[in-house]
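Chain by chain, the residues run as shown.
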Amino acid sequence: MTAKLDYRWRLREVMAERGMFSTTDLRGPLTERGIELSASQVYRLVVEKPERLSLRTLMALMDILGCLMSDLIVPVATARSGRTRKAAAGSAPAGGRSAEAGVGELRPRRARVTLTQP
């Protein structure tokens, strides 16, 4: 069994600890430090876990919030087996519906139309 390295992004939590509860609270301070991000980019930066982040942006966030990188990024190791099995689309485990439903389960069923003769 190998460990998969992942991380937890804590920007929203650190902002709340500093009394910043809106994503717009970051936009001005980022601009002052030469980081030009749109409102939607700042929102995604706060709400979602970024897959790519420039070091300049990270340094600006650390400066604005007065924190360390370890305050914003917490490494998390998750265990995983060497082989993974994928279920066929539309199949669910024996216990019932899976959390990740296949496309087949999301498609509507065809309606049956019956004609009646008067």
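In case you missed it, the structure is sitting above this.
Quick look at the structure, then. (Residues numbered from 1 in each chain as written. Predicted model: local features only at pLDDT ≥ 70, side-chain atom pairs only at ≥ 80, totals over all residues. Heavy atoms only, no water.)

## Let's talk about the side chain of R10
- Along the chain, R10 falls in the loop between β1 (2–9) and α1 (11–17).
- At 2.9 Å, the side chain of R10 forms a polar contact with the side chain of E13.
- Not counting chain neighbours up to four residues away, the residues in contact with R10 comprise E17, D71, L72 and V74. (Helix = DSSP H or I, 4+ residues; strand = E, 2+ residues; numbered from the N terminus. Polar contact = N/O pair within 3.5 Å; in protein donor to acceptor, adjacent residues only side chain to side chain. Contact = heavy atoms within 4.5 Å.)

## A closer look at the side chain of T57
- The topology assignment puts T57 in helix α4 (residues 55–65).
- A distance of 2.7 Å separates polar atoms of two side chains, one belonging to T57 and the other to S54.
- Ignoring anything within four residues of it in the chain, the contact list for T57 reads I35 and L45.

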